[in-house]
Amino acid sequence: MQGQPDPFGTAELRRRVLDAWTASPARFREDANAEEDYALGGYRDRVVVELAQNAADAAAREGGARPGGTTPQDPPGAGRLRLTLSGGTLVAANTGAPLDAAGVAALSTLRASGKRGSGPDEAAVGRFGVGFAAAVAVSDEPRISSVTGAVAWSRAAARELAEGIPALAAEFAARSGHLPVLRLPFAADGTPPEGFTTAVTLPLRDEDAARLVRALLAETGPALLLALPALAVVEIEIDGQRQVLTASHDGDGVTVTVDGRASRWRTAAAGGQADPGLMADRPAEERARPAWSVRWAVPVEPDGQVPAGRLPDGTSAVVHAPTPTDEPLGLPALLLASFPLSPDRRHVAPGPLTDFLVDQAAQAYAGLLRGLAATVALLDMVPSPVGRGELDARLGRAILARLPETAFLPAADPSAPRIRPRDAVILDASPPGLAAYLAPVLSGLVAGSARHPGYGVLGVRRLRLADLADTLTSLDRDPAWWRGLYEALAAAASGELGELGALPVPLADGRQVRGARGLLLPGPGLEHTERLAPLGLRIVHPDAAHPLLARLGAVEATPRGILADPAVRAAVAASYEEEDPEPVADAVLSLVAAARLQPGDEPWLADLALPGDDGEWYPAGELLLPGGPLAQVVAADSPFGTADPDVLKRHGAATLEAAGVLATFGLLTAQDVALDDPDLDVDGAVEWAADTRARLPDDPVPPVAAEVRAVRDLELVDPQRWPQALELLAVPPLRAALVEPVRVLLADGRHADVPSYTAWWLRRHPVLGGRRPADVRAAGADPLLAGLYEEAALPADPGLARALGVRTSLADLLAEPDGPDELLARLADRARPVTRGQLRALWTALAGVADAEPPDRVRAVLGTEVVVAEAADVLVLDAPDLWPLVAARPLVLAPYDHAEQLADLLDLPLASEVINGSVDSAGERLLIPQVSRVDMSGFPREYEAHDPLTVDGVAVPWRFTRGTVHASGPDGLACGLAWASGRWPQRHLIAALLRDPEAAARLLAEADLDPAAL
């Protein structure tokens, strides 16, 4: 590099540095350490930013503009920078003021910038004279060519000079030959490319350096031009691939393009001279330049007014001072401010100046929000209460301290001015369009969704729909306005509608009430409402009527809907106490007629006061329809009145019946009736419940009847008119109340079906020819019931007869809970004839019953007669050979295999339990004679022959005891063999064969014809 022109005095600069190193090797070490710290530390990856920063400073010095563009009177510059990476070399060419001697001195002197004093340098971006250290982070041979000359630095040339100083030998050895390259400038040749004033050429050290530079160039985006307003164009060329970034300034708007793709930004700036007290803790170089600036840049939509809500892709969300630091920023904006930095220029230094700039940045940000379009997108600009770092948190707190007093929130009324958060109110869970509708009547109402977290951060008061209903209570608006409100509210979710229970509603009579529930919406049938005045109805004003009110509990004012109104029910309930009940009666009857109600549709109408034919007023449910079926069957002394014939003529029989006047029996329906305390207004309800509980398992928790339907006033029927009354009960819905059982829920979750109340009542009363239904049997009923029950004429409906409990079969009788007891009681009645064969069948059936109350008297057989005997005298015969021993006593005779069950059921002894049955006579042991053609398996081989046979002193034909057959004669032997072998029905055949073996063929043939085979 010898022999080159030296316009910048590089030789003198080198001489001074070398003299200083020679005089003090420690100075060499200090310079080497400082450059190494910057090149390998804070500036290791900032080469592109630092080159752009120097270009911006040059553009500013040439144009006289402040590089930061901090105030409206500071127009941005028009600097141009071209960054070219090719063949392992990075070239940065820029326009603007050329390089001068002071600049070279600054570049070669760490932390001794030549930018000091007043003028354009006062607020230059590069302030400390260390940024060029980024060049040696990637290059050993940096060079600057300007229209005023060229200068270069060389690690090899610097090492050659330094090695000539003996005093530095030890330092070189300790540092492995590393030395401060930028302290020794050399004159160089070269000129910048055409159209540029200066070019920085950096031959990249190695492939790692090339990869780093390539990545830094690829990351360059709009933030660079926003941070350096003095630059208007940045061209980037990487191995022939070219990208162009431009910045166009229009007042506080900036349009940045990247290869023609534009992004719009809005800016807000502030600046000035810092008070000396704020700079007291800063280095001398900074104190000499007290200018400060803050500048916000917010990405906006193409219209330039609405904030985009996020930074463009590739734009780092960090604080710029004014070039990027490592301080994260959580706002969707760029902050470019003259924050004091730590030596590595990556972090903001704490102190009074930083505190001051945080405050100024917050003030500028609040002003920026006021200048953006009044849309809900502004909420995305509200800081989060949790910062991404210490500086971000301080900025957020400072901004949030100002925003409550900053009128920036968009009003729900587009024509209204913006609203301060402290004065704002937001509708919580607001349906679309509601806020705009309410804006003219609700001061401070803002637009947007209450779910946006920004409202919570700002402390904006939320107005729930329930609070809204309360707020609107005193509002005076015409009915049509209220209908518009209901239309706006109609889009509310179903869950939100529950909060509108107190919503004001105007009525047709001029009143305004709170809450739609129970109101009547005008509809068919309300054309003439004057007749309904006595009912005190609340009808919505026609101009305010809206379907939303129906969703909130209003009902359509049809006749049926009006009848469901509580006011009508209250009027009916109180009508009997009115001085003149007629207006209410006429109004209600007109509604009943218009609604075409059927009897029982509205049971509460039975309380309506109506006139009787005697001039007195009665509840409708206590009046009989003149000439009606029920009037023909009730007793003359019944408490019923008869409806006034004039009322019948005016309103018609169907209307009176629907209102509760009785043409037939009334029907009571009750739900969940506790059987321990039934609340049923019918005759004998308590006794029915007690009888029903007795049928069910015993449990401390009382059973509950799920639904009880009971026919009323059965006790008022004329006893002579029961045939006609039963015909009325056979007609639905009364029939169901009689024939369908009641389902009872048990404590363990199971259920049981029991007879209905109506069936229970009828069974207990003489409704069939003066006799109870349970005391008679149907014609053609089970013959086994003959004599025990009298035959009677029954209703034609067989289901009705069954429900009444008329006896039809022995099986049905025994299936009833008290059926076996009833049968035993009737068998004990001497007045009721029973044949011996009938009795045997009845005992056989009773043997299958699980439980019954043992009777005091028992129907039994004494000799050949059927008698009724005291139970203490009766035995159950369980073995045929004992009959001679007990023949003098009344006996229960049934198939022997049922004897034990009958004895247990009747609590009677078996004959074998009371008879000793000892054989008194002596017998002769003989072999059993052969019986021709008869299977003798099971027969004993021997028997005891007696002549005569006596047991307990009584002569008997046979006895089987202790496994031995005792017999006297062939008939006795046949019985003993049949009993011992378990073939008791064959005893007569065996006896005949024993007496006449020669007749075996005939006897066996005759036996084959018996119903039961051998």
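As the structure is a prediction and not an experimental result, all values here were calculated from the model.

Caption draft 1: Up close: the sheet that holds strand E25 (residues 667-674). Overall, antiparallel pairing links the four strands, which are arranged E25-E26-E27-E28 in an open sheet. Only two strands of the sheet have a single partner each, and these edge strands are E25 and strand E28 (751-754). Strand-to-strand, the axes of this sheet are offset by a mean angle of 25°, without reference to chain direction. One ladder, built from two bridges, connects strand E26 (residues 704-711) with strand E27 (residues 742-745); its direction is antiparallel. Across the sheet, the residue bridging to Val 704 is Leu 745, located in E27.

Caption draft 2: Region of the structure containing the environment of Asp 380. Take Asp 380: it is sitting in the loop between helix H11 (352-371) and helix H12 (390-402). Asp 380 sits 71 residues away from Gly 309 along the chain, and the two C-alpha atoms are 5.5 Å apart. In this structure Asp 380 touches Gly 309, Pro 332 and His 452, once residues within four positions along its chain are discounted. Polar side-chain contacts of Asp 380 include one of 2.8 Å to the side chain of His 452.

Caption draft 3: View of the pairing of strand E1 (residues 79-86). Note: E1 against strand E7 (residues 231-238), seven bridges, orientation parallel. In the strand pairing of E7, Leu 85 is matched with Ile 238. Counting the residues between successive antiparallel strands, the hairpin from E1 to strand E2 (residues 89-94) contains two residues, one of them, Gly 87, with a positive phi of roughly 55°.

Caption draft 4: Here's a closer look at the environment of Leu 906. Along the chain, Leu 906 turns up in helix H33 (residues 899-906). Between the C-alpha atom of Leu 906 and that of Thr 758, which follows or precedes it by 148 residues, the distance is 33 Å.

Caption draft 5: Representation of the pattern of salt bridges in the model. If you walk through the whole model with that rule in mind, you get 48 salt bridges. Between Asp 775 and Arg 826 there is a salt bridge; the shortest N-O distance is 2.8 Å. Taken as a pair, Asp 775 in the loop between helix H27 (757-763) and strand E29 (776-777) and Arg 826 in helix H30 (residues 819-827) lie far apart in primary sequence, 51 residues in all. Of the residues examined, Asp 775 reaches a relative accessible area of 22% and is grouped as partly exposed. You can call Arg 826 buried: its relative accessible area is 8%. For Glu 816, the salt bridge goes to Arg 807, with nearest N and O atoms at 3.0 Å. Under the relative-accessibility criterion, Arg 807 is labelled buried at 5%. In this structure, a network of salt bridges that share partners links the residues Arg 763, Arg 772, Asp 775, Arg 807, Glu 816, Glu 822 and Arg 826.

Caption draft 6: Focus on the pairing of E7. The buried fraction of E7 amounts to six of the eight residues, a majority that puts the element mostly inside the structure. Direction of pairing for E7 relative to strand E8 (residues 241-250): antiparallel, over a ladder of six bridges. Directly across from Glu 237, in E8, lies its bridge partner Arg 242. Linking E7 back to E8 in an antiparallel pair, the connection comprises two residues, with Asp 239 at a positive phi of about 50°.

Caption draft 7: Highlighting helix H1 (residues 10-23). The first and last C-alpha atoms of H1 sit 20 Å apart over 14 residues, in line with the 20 Å expected at 1.5 Å per residue. Every buried residue of H1 is accounted for by Thr 10, Leu 13, Arg 14, Val 17, Leu 18 and Trp 21. End-on view of H1: buried residues confined to an arc of 125°, all on one side of the axis. Opposite its buried face, H1 presents the exposed residues Arg 16 and Ala 23, each directed more than 90 degrees away.

Caption draft 8: Structural detail: the confidence of the model for the protein. In the predicted model, the protein carries a mean pLDDT of 86, and the fraction of residues at 70 or more is 94%. Across the protein, element-level confidence peaks in strand E6 (residues 198-203) with a mean pLDDT of 96 and bottoms out in helix H10 (residues 284-287) with 71. This stretch, residues 64-75, has a pLDDT under 50; its non-local contacts, to residues over four places away or in other chains, come to 25 contacts. Here residues 111-129 is a poorly scored stretch, pLDDT under 50, and it has 63 contacts once near neighbours within four places are set aside; other chains count.

Caption draft 9: Inspection of the side chain of Arg 959 at higher detail. Its place among the elements puts Arg 959 in strand E39 (residues 958-961). Given a relative accessible area of 9%, Arg 959 falls into the buried group. Polar side-chain contacts of Arg 959 include one of 2.8 Å to the side chain of Asp 881. Looking at Arg 959, its side chain comes within polar contact range of the main-chain oxygen of Gly 917, at 3.1 Å. Setting aside chain neighbours within four positions, we find Arg 959 in contact with Asp 881, Leu 882, Asn 916, Gly 917, Val 919, Leu 949, Val 951, Thr 964, Val 965 and His 966.

Caption draft 10: The arrangement of the sheet that holds strand E35 (residues 924-927) in detail. Taking strand neighbours across the sheet as the criterion, the four strands line up as E35-E36-E40-E39 in an open arrangement whose pairing is mixed. Looking at strand neighbours, the two that pair on one side only are E35 and E39, the edges of this open sheet. Averaged over all neighbouring strand pairs, the angle between strand axes comes to 30°, with direction disregarded. One ladder, built from two bridges, connects strand E36 (residues 942-945) with strand E40 (residues 964-967); its direction is parallel. When the sheet's bridge partners are listed, Glu 944 is paired in E40 with His 966. Relative to the sheet, helix H35 (residues 969-980) contacts E36, E39 and E40, its axis offset from that of E40 by approximately 160°.

Calculation rules
Residues numbered from 1 in each chain as written. Predicted model: local features only at pLDDT ≥ 70, side-chain atom pairs only at ≥ 80, totals over all residues. Heavy atoms only, no water. Pairing = 2+ DSSP bridges. Helix = DSSP H or I, 4+ residues; strand = E, 2+ residues; numbered from the N terminus. Axes fitted to C-alpha atoms, helices over the stretch in contact; angles between N-to-C directions. Contact = heavy atoms within 4.5 Å. Polar contact = N/O pair within 3.5 Å; in protein donor to acceptor, adjacent residues only side chain to side chain. Salt bridge = Lys/Arg side-chain N within 4 Å of Asp/Glu carboxyl O. Buried < 20%, exposed > 50% of the residue type's maximum accessible area, 1.4 Å probe, protein only. Expected span 1.5 Å × (residues − 1). Arc of directions from axis to C-beta. pLDDT = per-residue confidence, 0-100.

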